[in-house]
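Understanding the architecture of this molecule
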Amino acid sequence: MMKIVFATLFLLGICCDLFAQSSDSTLMFLFNNNDLTTPIDNERYFTAPSESFTHAQLMDLPASNQAELLHKVLIIVDSSLYSVLNYEINRYAYDIHYVYGCNVIMEQINSETCQDIKGLIIYYHNNLDGCVLIGDIVPAFYETDKDYASPNSYDSINWPCDLYYMDLTGNWTDINHNNIFDTYTGDKRPEIFLGRISTSNMGNLIGEIEGIRLYLKKNHNYWIGHRHINKKYALSYTNKDWVKPNQINVTNNFRHSISALYGSNNYEHIDERANSDVFGKTDYRQRLQNEKYEFIQLASHSRDTAHFNFGQYNDTILGNEVFSYSIKNLGFNLFCCSACRWTSSSSTNAFLAGDYIYSPNSEGLCVVGSTKIGGMYPFAAFYSSLGQGKTMGQALIDWWSSYSMPSYTQQQILCWNFGLTIIGDPLVNFFHCTNNTCIDHLTLTSYDSANSPLSYYLTSESILVSPSTGWFAIPQGDHCILNSPSVLIKGSFECPIGSSLEILNEGCMQNCDE
């Protein structure tokens, strides 16, 4: 056992037995993983894992007493990405646990099939709210020879279908054995949400490693309050084809449903018919760069890498143009065909949803949309859920739950909605205000193991570790994070081998207008 005793001392960074220099010259702790293999119970597993599939549990943080909104979140990360970005990915898991207090489990995987991923999700299904996939993790594909949503009815198409991972009770089959699902039976309401964080298909716009690193950094800044939010304003921006005088219910859905997010006085609706003098590419870009809009819903004719027929001049907005914009908005609902088809990209134009949130110029964190023709409609249940402070993922599940399916045929649901997914962090909520949780000063007189194996302390100005008697002792196997601009350790300190201490100098900030 190693004992470390510090006199009164200001520390920039320390750990029990390992130091590393980060790129910003702050000493950061690099931790080792237990790399424990999760046992497989074949009765709970969806299907027998493929022979080449490997996985290892990296983390299992139990829920704390403060867990209310979420019970359990599963993070599945590609092992090759984790080997390079383990610090950033673990930091994301710690942030989620700190903010929501929920059980956070992390698994790294390699050589997976979509059945392997589904099996892992099923294995952890008890009390599971949702799953986050980090890295280029294999998609499931679905196909139909009668796509009602296509420009030419009854086109045969296939698309990446994350609903396969979200649905834990339905039956998915591949009748023609071409490794693409083509038959589904069930109630078509998913039990869990899922989001993808991956920059592997961003073409030449940004590299995978750098893209994920930058995204997770701004995401971390959001969770600790360094990203200001206004909690006040939303925008719906709608092409003329969805605002028609003879379809008032449709028109009102596109114009006004978003009012349920921040309230009837805190949104703006711009559409091509009512605002033809401004509606278009230039105006839309300016609104993307206007920080008063926290959330934007866009209804636009699109393909996977471009918006088109945009405004009176029928402009096209290419993905690389969106990538270049200085986007100030936090979240997006893209009622834009195939905008979330993350499997699509060219050397110069990546998929649209990625352009909105993975650019170094963007403050965006999450997009909901479709990987095929179609999208979310109607919108009210989704925005009502977001307006209650729920996460993007929970709001999508609530939308599915409220969907009036008896009024739609099975084929209509398949063609319009089976491509819905979330690109980015599905745990973002639009009322994440740190004003009441970010305290200025904290004095620790003893170690609190209530949240073992992780204790995370975060303040805006200082943390003082000053045991009243005995030692400030981190239990073996625990990881303690002290995050404040000033961290001072006085008296006796104990950190046995197998435990770890991480000291960061970021601190939290009060991030929202009350």
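Before reading further, recall that the structure is shown in the block above.
Let us look at the structure shown here. This structure is a prediction, so every number in the text was calculated from the model and none was measured.

1. Thoughts on the overall build of the protein chain
Broken down by element type, the protein chain carries 12 helices and 27 strands. Relative to its 514 residues, the protein chain shows a buried fraction of 57%. A separation threshold of at least 6 residues defines the contact pool for the protein chain, and within that pool the share at least 24 residues apart is 74%. In the structure as shown, the protein chain presents an accessible area of about 20,000 Å², 47% of it carried by carbon and sulfur atoms.

2. Some thoughts on the packing of aromatic side chains
Taken as a whole and assessed by the stated rule, the structure comprises 38 aromatic pairs. Both rings, one in W242 and one in F335, keep their centres 5.4 Å apart while their planes meet at 85 degrees; by these two values the pair is edge-to-face. Separated by 93 residues along the polypeptide, W242 in the loop between β13 (234-238) and α5 (248-256) and F335 in strand β19 (residues 331-335) bring together distant segments of the chain. Relative accessible area serves as the criterion here: at 18%, W242 is assigned to the buried category. Plain terms: the ring middles of Y447 and F472 are 5.7 Å apart, the flat faces sit at 80 degrees to each other, and that makes the pair edge-to-face. Of this pair, Y447 sits in the loop between β22 (439-444) and β23 (454-465) while F472 is found in strand β24 (residues 471-473), placing the two residues 25 residues apart along the sequence. F472 gets classed as buried once you look at its relative accessible area, which sits at 0%. Site record: aromatic cluster; members linked through ring pairs are W242, F254, F295, F335, Y377, F379, F382, Y383 and F430. One cation-aromatic arrangement involves K118 over Y164; the distance from NZ or CZ to the ring centre is 4.1 Å. Over the face of the ring belonging to W159 we find K372, whose NZ or CZ atom lies 4.9 Å from the ring centre.

3. Topic: the state of the cysteines
Across all of its chains, the model carries 2 disulfides by this definition. Note on cysteine connectivity: C433 is disulfide-linked to C512, with sulfurs 1.8 Å apart. You can see C433 sitting in the loop between β21 (420-424) and β22 and its partner C512 sitting in the segment after β27 (500-504), a full 79 residues away along the chain. What makes C512 buried here is its relative accessible area of 8%. Covalently, C438 is tied to C508 through a disulfide, its sulfur atoms 2.0 Å apart. Disulfide C438 to C508: torsion about the S-S bond roughly 90 degrees, handedness right-handed.

4. Observations regarding the side chain of D162
Considering the arrangement of structural elements, one finds D162 in the loop between β9 (155-160) and α3 (163-166). There is a polar contact of 3.0 Å between the side chain of D162 and the side chain of R196. Ignoring anything within four residues of it in the chain, the contact list for D162 reads L194, R196, W342 and T421.

5. Considering the nonpolar core
In terms of nonpolar packing, the biggest core is built from 134 residues, with I76, I121, F295, Y356, F382, F418 and L427 touching the most fellow members. Of the residues forming this core, the biggest block, 9 residues, is contributed by helix α1 (residues 79-100). Residues in contact with F382, not counting those within four places in the same chain, are F295, N333, V368, M376, M392, A395, L396 and W399. With 15 residues, the next largest nonpolar core counts Y457, L482, L501 and I503 among its residues.

6. Considerations on the sheet that holds strand β12 (residues 193-197)
With mixed pairing, 11 strands are arranged side by side in an open sheet as β4-β6-β5-β7-β12-β21-β20-β19-β15-β13-β14. In the strand order of this sheet, the two ends are held by β4 (54-61) and β14 (267-271), each with one partner. Strand-to-strand twist across the sheet, computed as the mean angle between neighbouring axes with direction ignored, equals 20 degrees.

7. A short note on the pattern of salt bridges
The full count for this structure, using the stated rule, is 14 salt bridges. A salt bridge links E210 to R213, with the shortest nitrogen-to-oxygen separation between them at 3.9 Å. Of this pair, E210 and R213 both sit in helix α4 (residues 208-223), 3 residues apart, roughly one helical turn. In this structure R213 comes out as partly exposed when scored by relative accessible area, which is 31%. With a shortest N-O distance of 2.7 Å, R255 and D271 are connected by a salt bridge. You can see R255 sitting in helix α5 and its partner D271 sitting in strand β14, a full 16 residues away along the chain. For the pair shown, R255 and D271 are each scored as buried.

Rules of the game
Residues numbered from 1 in each chain as written. Predicted model: local features only at pLDDT ≥ 70, side-chain atom pairs only at ≥ 80, totals over all residues. Heavy atoms only, no water. Helix = DSSP H or I, 4+ residues; strand = E, 2+ residues; numbered from the N terminus. Buried < 20%, exposed > 50% of the residue type's maximum accessible area, 1.4 Å probe, protein only. Contact = heavy atoms within 4.5 Å. Areas by Shrake-Rupley, 256 points an atom, 1.4 Å probe, with all protein chains shown as cover. Phe/Tyr/Trp six-rings, centres within 6.5 Å; stacked < 30°, edge-to-face > 60°. Lys NZ or Arg CZ within 6 Å of the ring centre and 35° of its normal. Disulfide = S-S within 2.5 Å. Polar contact = N/O pair within 3.5 Å; in protein donor to acceptor, adjacent residues only side chain to side chain. Core = buried A, V, L, I, M, F, W, Y, C linked by side-chain atoms within 4.5 Å. Pairing = 2+ DSSP bridges. Axes fitted to C-alpha atoms, helices over the stretch in contact; angles between N-to-C directions. Salt bridge = Lys/Arg side-chain N within 4 Å of Asp/Glu carboxyl O.

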